[in-house]
Amino acid sequence: MRKLGLVLMLLFAFTLAACGESSVAATPTDTPVPPAPTSTTAASPTTGSGGATITMGAFSFTGNSATIKAGGSVTFNDPASSGGTHIIVTGTSGKFTAASGAPMEFATASGVSFSPGDSKSIKFPTAGTYTFTCTIHPSMHATVTVTA
Ligand SMILES: [Cu+2]
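Note that the structure is predicted; figures quoted are calculated from it, not measured.

### Here we look at the overall build of the protein chain
Part 1 of the argument: Broken down by element type, the protein chain carries one helix and 10 strands.
Part 2 of the argument: Ordered by position from the N terminus, the helices and strands of the protein chain form the series α-β-β-β-β-β-β-β-β-β-β.
Part 3 of the argument: Every one of the 148 residues in the protein chain was classed for burial, and the buried ones make up 22%.
Part 4 of the argument: Excluding contacts between residues fewer than 6 apart, the proportion of contacts in the protein chain whose partners are at least 24 apart in sequence is 56%.

### Examining the pairing of strand S4 (residues 73-77)
Part 1 of the argument: By the alternation rule, side chains of S4 split into Val-74 and Phe-76, which are all buried, and Ser-73, Thr-75 and Asn-77, of which none is buried.
Part 2 of the argument: Sheet topology places strand S1 (residues 53-56) next to S4; three bridges connect them, and they run parallel. In the strand pairing of S4, Thr-55 is matched with Asn-77.

### Some details on the confidence of the model for the protein chain
Part 1 of the argument: On average, residues of the protein chain score 80 in pLDDT, and 66% of them are at 70 or above.
Part 2 of the argument: Every residue in residues 5-28 scores below 50 in pLDDT, and together they form zero contacts with partners more than four places removed in sequence or on other chains.
Part 3 of the argument: Low pLDDT, under 50, characterises residues 38-50; the stretch is placed with 18 contacts to residues that sit more than four places away or in other chains.

### Things to note about the nonpolar core
Part 1 of the argument: Judged by nonpolar contacts, the single largest core of 21 residues is most densely connected at Ile-54, Ala-66, Ile-68, Val-74, Ile-88, Phe-132 and Val-144.
Part 2 of the argument: Sorting the residues of this core by element identifies S1, strand S3 (65-69), S4, strand S5 (86-92), strand S9 (128-134) and strand S10 (141-147) as the ones contributing at least two each.
Part 3 of the argument: Dropping the residues within four chain positions of it, Phe-132 is found in contact with Ile-88, Val-89, Thr-90, His-141, Ala-142 and Val-144.

### Details of unusual backbone geometry
Part 1 of the argument: Of note, the phi angle at Ser-93 is positive, near 50 degrees, even though the residue is not glycine.
Part 2 of the argument: Residue position: Ser-93 is located in the loop between S5 and strand S6 (95-96).
Part 3 of the argument: On the neighbour-count criterion, Ser-93 (11 C-beta atoms within 10 Å) is exposed.

### Let's talk about the sheet that holds S1
Part 1 of the argument: The strand order S2-S1-S4-S8 describes an open sheet built from four strands, whose pairing is mixed. What marks the edges here is a single partner per strand, and that holds for strand S2 (61-63) and strand S8 (119-123). On average, adjacent strands in this sheet sit at an angle of 25 degrees to one another, irrespective of strand direction.

### Remarks on the environment of Ser-65
Part 1 of the argument: Here Ser-65 shows up in strand S3.
Part 2 of the argument: Residues Ser-65 and Thr-131 lie 66 residues apart in sequence; the distance between their C-alpha atoms is 9.4 Å.

### Focus on the environment of Val-112
Part 1 of the argument: With respect to the helices and strands, the residue Val-112 is situated in strand S7 (residues 112-114).
Part 2 of the argument: Residue Val-112 is classed as partly exposed on the basis of its C-beta count, with 16 C-beta atoms lying within 10 Å.
Part 3 of the argument: With 26 residues separating them in the primary sequence, Val-112 and His-86 have C-alpha atoms 8.2 Å apart.

### Observations concerning the environment of Thr-145
Part 1 of the argument: Tracing the backbone through its elements, the reader meets Thr-145 in strand S10.
Part 2 of the argument: Look at Thr-145 and you get partly exposed, because 17 C-beta atoms sit within 10 Å.
Part 3 of the argument: Measuring from C-alpha to C-alpha, the distance between Thr-145 and Phe-124 comes to 9.5 Å, with 21 residues separating the pair along the chain.

Calculation criteria
Residues numbered from 1 in each chain as written. Predicted model: local features only at pLDDT ≥ 70, side-chain atom pairs only at ≥ 80, totals over all residues. Helix = DSSP H or I, 4+ residues; strand = E, 2+ residues; numbered from the N terminus. Buried ≥ 20, exposed ≤ 12 C-beta atoms within 10 Å, placed from the backbone. Contact = placed C-beta atoms within 7 Å. Pairing = 2+ DSSP bridges. pLDDT = per-residue confidence, 0-100. Core = buried A, V, L, I, M, F, W, Y, C linked by C-beta atoms within 7 Å. Axes fitted to C-alpha atoms, helices over the stretch in contact; angles between N-to-C directions.

Below you can see the structure in the form of structure tokens.
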């Protein structure tokens, strides 16, 4: 008699456990929360087809245009895979030309040098269109447009 009681208790416990499991399985999955809408009025520095990155290859720019708002930054990226060393200056055909309003980093003919793997973020405080070339590879040209 005592044994039957134990069996009944075990059966009862098993039934409870089974119910618990099924109720867990029946819990509806959380409905995904849609992402918060991004504000279109935010002053994002990244606009334009070229984005805000100038990218270098071995002998050329692989991404040669960037458009930002004044006060934004452009990332000049020489990927580790490029295998190219570059000295970037304002100007054309490998020749430095001082550009009024250009970032301080580009104020002189020594420009900004890049080895493969270098990535430098440079702030453009002044609106304007700036052309860049490489003193090592005169055929390299890139343009940064800075809007007011
Ligand atoms: Cu170069």
